[in-house]
Amino acid sequence: MKIAPSILSADFANLQRDVEFVEKHGADYIHIDVMDGQFVPNITFGPNVVKALRPITKLPLDVHLMIVDPEQYIHDFAAAGSDIIGVHVEATPHIHRAIQMIKAENVKAEVVLNPGTPVDAVKHVLSMVDQVLVMTVNPGYGGQSFIEDSLDKLRELAALKEKHGYHYDIQVDGGIFPETAQRCKEAGANVFVAGSYIYDAEQPEKNIQLLKEAIQ
């Protein structure tokens, strides 16, 4: 079970401080939400931010590409120091090729599902991926409420993993706090992205610990 704080909710003027803080207090990944203003209505980070963060943390950099034509940028994000690169099945007509490109960079590959996208849309690539990310809110903004139907997807992915002997992690992102994290764990998730719950807290270190306790 892993906690992946999302720097989307961090202080952009103090990213190094905020990354080092969560690493010190038990984070397992650093989750980096990349948005292009087209696939989602917001703009955030590029490869240069990943490159700047790489020397300051030993944690895996979990890079979630919410961008159209992700194939154009896979090499740049891999070269910048990403450990995991996630692409949305909705963002490209060539999801199989996009995953091949990520694997060719010796980076772990993740496929991502929006709330309105069924698991069937990625069944044909599950044998290839290291991680599946189920969006439990609509992507683009932090602080949204958890979408209950996401639990059914987690159960389906967990069942497919067991049936076929796949080895992917199941990650959830959106509206994650101890109660929803525990329910997601029970449904099959084992990697938990949390942004505002951690970085907007008066005592972020306490909230990291509460999340860890909820998923043990």
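In this convention, every chain numbers its residues from 1, walking through the sequence in written order. Two thresholds apply to this predicted model, a pLDDT of at least 70 for residue-level local features and 80 or more for giving and counting side-chain atom pairs, whereas whole-chain, interface and lining totals are computed over all residues. Processing note: side-chain calculations cover all non-hydrogen atoms of the structure and skip hydrogens and water entirely.

Okay, the overall build of the chain next. Secondary structure elements follow DSSP: runs of H or I of four or more residues count as helices, runs of E of two or more count as strands, with numbering from the N terminus. Each helix and strand in the chain was counted, giving eight helices and eight strands. Its C-alpha atoms give the chain principal-axis dimensions of roughly 45 × 35 × 30 Å. Only protein chains enter the area calculation, which uses a 1.4 Å probe; residues under 20% of their type maximum are buried, those over 50% are exposed, and those in between are partly exposed. For the chain, the proportion of its 216 residues judged to be buried stands at 54%. For this analysis, residues touch if any pair of their heavy atoms sits within 4.5 Å. Relative to all contacts within the chain whose residues are 6 or more apart in sequence, the contacts with residues 24 or more apart total 64%. Element-wise, carbon and sulfur atoms account for 47% of the exposed surface of the chain, whose accessible area totals about 9500 Å². Across the chain, 18 positive and 30 negative side-chain charges occur, with their mean positions spaced 6 Å apart. Surface accessibility in these figures is a Shrake-Rupley result with a 1.4 Å probe; residues are shielded only by whichever protein chains are displayed. Just so you know, the count uses Lys and Arg for positive and Asp and Glu for negative, and it drops His and the chain ends. Charged groups are reduced to one reference atom each: NZ for lysine, CZ for arginine, CG for aspartic acid, CD for glutamic acid.

This part covers the pairing of strand E2 (residues 30–35). Both faces of the sheet carry side chains from a regular strand, because those side chains alternate between them. For E2, a buried count of six out of six residues is recorded, marking the element as mostly surrounded by other parts of the structure. Side-chain alternation along E2 places Ile30, Ile32 and Val34 on one buried face and His31, Asp33 and Met35 on a second face that is also buried. For two strands to be treated as a pair, DSSP must find no fewer than two bridges joining them. Bridge count between E2 and strand E3 (residues 61–66): six bridges; the pairing is parallel. Bridged to Asp33 within E3 is His64. Look down the strands so they point away from you; if going from the first strand over the helix to the second traces a clockwise path, that crossover is right-handed. Traced from E2 through helix H2 (residues 47–53) to E3, the parallel crossover comes out right-handed.

In a pair of packed helices, the angle between the axes and the distance between the axes together describe the arrangement. Each axis is a line fitted through C-alpha atoms, taken for helices only over the stretch in contact, and angles between the N-to-C directions span 0 to 180 degrees. Contact geometry for helix H6 (residues 178–187) and helix H8 (residues 204–215): axes closest at 8 Å, N-to-C directions at 30°. The angle between the axes of H6 and H8 places the two elements in the roughly parallel class. For the pair H6 and H8, the crossing hand works out as right-handed. For the pair H6 and H8, the contacting residues are Pro178, Ala181, Gln182 and Lys185 in the first and Leu210, Leu211, Ala214 and Ile215 in the second. When residue character is reported, Ala, Val, Leu, Ile, Met, Phe, Trp, Tyr, Cys and Pro are called nonpolar, Asp, Glu, Lys and Arg charged, and the others, Gly included, polar. Partitioning the contact of H6 with H8 into residue classes produces six nonpolar, one polar and one charged. Angle categories: roughly parallel below 35 degrees, roughly antiparallel above 145, roughly perpendicular from 65 to 115, and oblique for all the rest. Left-handed describes a crossing whose near helix is turned anticlockwise from the far helix by less than a right angle; the clockwise case is right-handed.

Looking now at the sheet that holds strand E8 (residues 191–194). Read from one edge of the open sheet, eight strands run E1-E8-E7-E6-E5-E4-E3-E2, paired in parallel fashion. Of all strands in the sheet, those with a lone pairing partner are strand E1 (2–5) and E2, marking the two edges. Neighbour-to-neighbour, the strand axes of the sheet open up by a mean angle of 25°, direction not taken into account. As defined by bridge partners, strand E7 (residues 169–173) adjoins E8 across three bridges and the pair is classed as parallel. In the strand pairing of E8, Gln171 is matched with Val191. Contacts between helix H5 (residues 150–164) and the sheet are confined to strand E5 (108–113), strand E6 (131–135) and E7, with E6 contributing the most and set at about 165° to the helix. Of the strands in this sheet, E1 and E8 are in contact with H8, which crosses E1 at around 145°.

The α-helix winds at 3.6 residues per turn, so residues separated by three or four positions along the chain end up facing the same way. Given a rise of 1.5 Å per residue, 15 residues ought to cover 21 Å, and the 21 Å separating the end C-alpha atoms of H5 matches this to within 8%. Taken as a whole, H5 has its buried residues at Ser150, Leu151, Lys153, Leu154, Leu157 and Leu160. At its buried positions, H5 is contacted by E5, E6, E7 and H6. What a helix is expected to span follows from its residue count: subtract one and scale by 1.5 Å.

Two side chains with opposite charge may pair up if their charged atoms get near one another. Each salt bridge in this description consists of a side-chain nitrogen of Lys or Arg and a carboxyl oxygen of Asp or Glu lying within 4 Å of one another. With the rule as written, the count across this model stands at eight salt bridges. With its nearest N and O atoms 2.6 Å apart, the salt bridge here joins Arg54 to Asp83. Note that Arg54 is positioned in the loop between H2 and E3 and Asp83 in the loop between helix H3 (74–80) and strand E4 (84–88), a separation of 29 residues in sequence. As a salt-bridge pair, Asp130 and Lys103 come within 2.9 Å of each other at their nearest N and O atoms. Placement of Asp130 in the loop between E5 and E6 and of Lys103 in helix H4 (residues 95–104) is noted, with a sequence separation of 27 residues between them.

Here E4 lies mainly inside the structure; five of its five residues are buried. Side-chain alternation along E4 places Ile84, Gly86 and His88 on one buried face and Ile85 and Val87 on a second face that is also buried. Between E3 and its parallel partner E4, the chain crosses via H3, and the hand of that crossover is right-handed. Note that E4 and E5 share five bridges and pair parallel. The residue of E5 that forms the bridge with Ile84 is Lys108. Handedness of the β-α-β unit built from E4, H4 and E5 comes out right-handed.

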